[in-house]
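So the chains spell out like this:
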Amino acid sequence: RNTQNRVVSFLTNELGYEYFGNWEDDAPHQNVEKGRLRDWLSGRGVSKPLINRALHKLDEARRVGGSRTLYKANKEVYELLRYGVKVKESPGAKTETVKLIDWENWRANDFGVAEEVPVSGTNDKRPDVVLYVNGIAVGVLELKRSKVAVSEGIRQNLDNQKSEFIPEFFSTMQLVMAGNDTQ
């Protein structure tokens, strides 16, 4: 817990992340906090129809299951995060690109961190620390006591990606990290 407190303090106090809170007692969350993403896009002047269509495409891209692998979903989500979502406001309208992350002006993005994020899956899990950009979970950090090797945190992150746990949550992840006080 001490390590987690230091990491969260560093992210909020030194890097300026917004603290979303300890969600341990919340209902399960997904890897896209749609209200936050809608607010950010709306604040950038993106119309409601474009936001809805972009969120729909993001939802489709992040789905995992059946023959759709986590690798394929993560690759598609990466493309949308990096290059934007190409959508039309209405049939026959010109295609527009809705940027989910502002790569040219990083300060224009909303950075956030949440602790103990409950996630539903075949077997529910609760990642220790989740990093968000504009409401999209892009990083997960599993922390262990100093007497537990960092390899256990790595193993836990790998296990969480398996079909029997929460693979869909990892479809938006760009950083998967583990640590403890000594490693």
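Everything discussed here concerns the structure shown above.
Residues numbered from 1 in each chain as written. Predicted model: local features only at pLDDT ≥ 70, side-chain atom pairs only at ≥ 80, totals over all residues. Heavy atoms only, no water.

**Re the overall build of the protein chain**
- Of regular secondary structure, the protein chain possesses five helices and seven strands.
- Walking the protein chain from its N terminus toward its C terminus, one meets helices and strands in the order α-β-α-α-α-β-β-β-β-β-α-β.
- Over its C-alpha atoms the protein chain spans a radius of gyration of 17 Å, differing by no more than 12% from the 16 Å that the globule rule assigns to 183 residues.
- Along the first, second and third principal axes, the C-alpha atoms of the protein chain reach 60 × 40 × 30 Å.
- The proportion of buried residues among the 183 residues of the protein chain is 43%.
- Carbon and sulfur atoms make up 48% of the accessible area of the protein chain, which totals about 10000 Å².
- Charge centroids of the protein chain, computed over 27 positive and 26 negative side chains, lie 5 Å from each other. (Helix = DSSP H or I, 4+ residues; strand = E, 2+ residues; numbered from the N terminus. Rg over C-alpha atoms; globule rule 2.2 N^0.38 Å. Buried < 20%, exposed > 50% of the residue type's maximum accessible area, 1.4 Å probe, protein only. Areas by Shrake-Rupley, 256 points an atom, 1.4 Å probe, with all protein chains shown as cover. Lys, Arg positive; Asp, Glu negative; His and termini not counted. Charge placed at Lys NZ, Arg CZ, Asp CG, Glu CD.)

**Observations regarding the layout of surface pockets**
- Of the pockets and cavities examined, the largest pocket occupies roughly 370 Å³.
- Mapped by element, the contributors of at least two residues to the lining of the largest pocket are helix 1 (2–14), helix 4 (70–83), strand 5 (129–133), strand 6 (136–143) and strand 7 (175–179).
- Ranked by the residues each element gives to the lining of the largest pocket, the list is headed by strand 5, at four residues.
- Each residue belonging to the lining of the largest pocket can be placed in one class, and the counts come to 18 nonpolar, two polar and two charged.
- Its volume calculated, the second largest pocket comes out at about 220 Å³.
- In terms of lining, the second largest pocket is formed by Arg1, Asn2, Thr3, Gln4, Glu116, Asp128, Leu143, Lys144, Arg145, Ser146 and Asp181.
- With three residues, helix 1 is the single largest residue contributor to the lining of the second largest pocket.
- Across the lining of the second largest pocket, the residue classes tally to one nonpolar, four polar and six charged. (1 Å grid on protein atoms, 1.4 Å probe; cavity = no way out; pocket = protein on both sides within 12 Å on 5 of 7 lines; lining within 4 Å. Points joined across faces, edges and corners; volume = space filled by probe spheres on them. Nonpolar A, V, L, I, M, F, W, Y, C, P; charged D, E, K, R; others polar.)

**Side note on helix 2 (residues 34–43)**
- Turning to helix 2, its buried residues number three or more, namely Leu37, Trp40 and Leu41. One side of helix 2 holds all its buried residues, which, seen down the axis, span an arc of 95°. Along helix 2, exposed side chains directed more than 90 degrees from the buried face belong to Asp39 and Gly43.
- Close packing links the buried residues of helix 2 with helix 3 (48–61), strand 3 (95–98) and strand 6. (Arc of directions from axis to C-beta. Contact = heavy atoms within 4.5 Å.)

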